[in-house]
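Now for the letters of each chain:
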Amino acid sequence: MNDEYLWDKSGEPDPEVQQLEQVLGRLRYQPRPLEMPDNFREARRHRYLPLLAIAATLALALLAGVVWLRARTDSKPEQRNEIAITPPSSTVNPSEKKNEEQPQSEDNSTSTDRDRKVFAVNVQRRTRRPATGLSKTERAEAIEAKKELIVALRLASEKLNLAQKRANGPATPGQIRNQHKIG
Amino acid sequence: MRSVFQRISIIPVLVVLLVIVSATAGHAQEPRIQMSHLDYLAAKATETVDVNIDERLVQIAIKVFSDKDPDEAQIKKLVAGLKGIYVKSFEFDADNQFSAADVDSIRNQLREPAWSRLVNVRSKRDSNVEVYVSLSGTSVNGLVVITSEARELTVVNIVGPVDLEKLAHLEGSLGIPDLGIEITKPKTKNEDQ
């Protein structure tokens, strides 16, 4: 028996080894095209799920953004803009100007915002609201809603009283009464 | 690895579904009934009252009710917690303008255990009156009144906590005409004699 054959196929092979080679040789690797498993297509059907998830997440984010923006605009405070107008120096009387300049000369370092006179204040209001806290359009809507509410309550009250009267009153011929007590 | 990705990507879908389901469930719990199928009767009716006041409008309307006027203050107190008032009322100049199916479609929405029928008066001569309430514990959180006559059909749906006694007492106040119907009071001994 020559062991070299087992290592590098040199030398004389053993007949038993040759037989084994012949038997096992049929199972050696043979190149052939890849066969996909049967369930591969089944799995591909669910490929839309990640896309759906991304779309849903985007939709949620968009919704959250809209809600946040609405909440932000509703709670935005009034903007108050002060416009400071300094009168032109030519219109001021020279004697007055002299008097005015005197204190300035005493403390020139603080002659900034403190000496500026505010002649006009522009308060920008988003909506002018009366005591009820409603704007003009909201108030009109509220009055309309109040009218409808009264009509609805009138009918509800009337029909409820009718039901009570009919349930408690004398039975008319052919009348079926059925009153349940609750509570 | 792929299955992990799939699981992670399914989470937002589940969140969206959960939001939709919870929103639908919340809507279903409200004691509001659908009455839009009655709208076709407006074309036949000589007089139609169609009131749709949701919670937002109720809250806005409350702001213009005066606290100084006792009648208005009373109504304001009554409607303060309401989530909506919906009324459809039709008056016809001829008989049988609406069908029993119209009333049944309302009645079918008022099933137990969500709704309890408080009053059911049926008459061949006079009007049929049904009062349903939706109870939350011992308090009423929804009301439906259905009255049907040969030439009139009225459905009132109040959503939210409502005091039936106070509502019945409203007649006669704030321009609401008093029809002279007395609320039943317990009889005194003298009355019994």
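Residues numbered from 1 in each chain as written. Chains lettered and ligands numbered in written order. Predicted model: local features only at pLDDT ≥ 70, side-chain atom pairs only at ≥ 80, totals over all residues.

**Focus: the environment of Lys166(B)**
Move 1: For Lys166(B), the location among the structural elements is in helix H5 (residues 164-169).
Move 2: Between the C-alpha atoms of Lys166(B) and Lys77(B), which are 89 residues apart in sequence, the distance is 9.8 Å. (Helix = DSSP H or I, 4+ residues; strand = E, 2+ residues; numbered from the N terminus.)

**Notes on the packing of helix H6 (residues 136-168) of chain A against helix H2 (residues 55-63) of chain B**
Move 1: Across the interface, H6(A) lies against H2(B) with an axial gap of 8 Å and an inter-helix angle of 100°. Of the possible angle classes, the one that applies to H6(A) and H2(B) is roughly perpendicular. Contact residues: Glu138(A), Glu141(A), Ala142(A), Ala145(A), Lys146(A) and Leu149(A) in H6(A); Leu57(B), Ile60(B), Ala61(B) and Lys63(B) in H2(B).
Move 2: Tallied by class, the residues present in the contact of H6(A) with H2(B) amount to six nonpolar, no polar and four charged. (Axes fitted to C-alpha atoms, helices over the stretch in contact; angles between N-to-C directions. Parallel < 35°, antiparallel > 145°, perpendicular 65-115°, else oblique. Contact = placed C-beta atoms within 7 Å. Nonpolar A, V, L, I, M, F, W, Y, C, P; charged D, E, K, R; others polar.)

**A look at the confidence of the model for chain A**
Should the pLDDT be low somewhere, the predicted coordinates at that spot are not to be read in detail.
Residue and element names in this part refer to chain A.
Move 1: Within chain A, residue pLDDT values average 70, and 54% of them lie at 70 or more.
Move 2: Here strand S1 (residues 79-83) stands out as the element of chain A with the lowest mean pLDDT, 42, in contrast to helix H2 (residues 15-25), whose mean of 90 is the highest.
Move 3: Low confidence marks residues 77-111, where pLDDT is under 50. Its contacts with residues over four positions away, or in another chain, come to 19 contacts. (pLDDT = per-residue confidence, 0-100.)

**So, the nonpolar core**
Move 1: Counting residues in hydrophobic clusters, the biggest one holds 49 residues, and the most contacted among them are Leu149(A), Ala152(A), Ala156(A), Ile85(B) and Val145(B).
Move 2: With eleven residues, H6(A) is the largest single contributor of residues to this core.
Move 3: Val145(B) has contacts with Ala156(A), Lys159(A), Leu160(A), Ala163(A), Val131(B) and Val156(B), leaving out every residue within four places of it along the chain. (Core = buried A, V, L, I, M, F, W, Y, C linked by C-beta atoms within 7 Å. Buried ≥ 20, exposed ≤ 12 C-beta atoms within 10 Å, placed from the backbone.)

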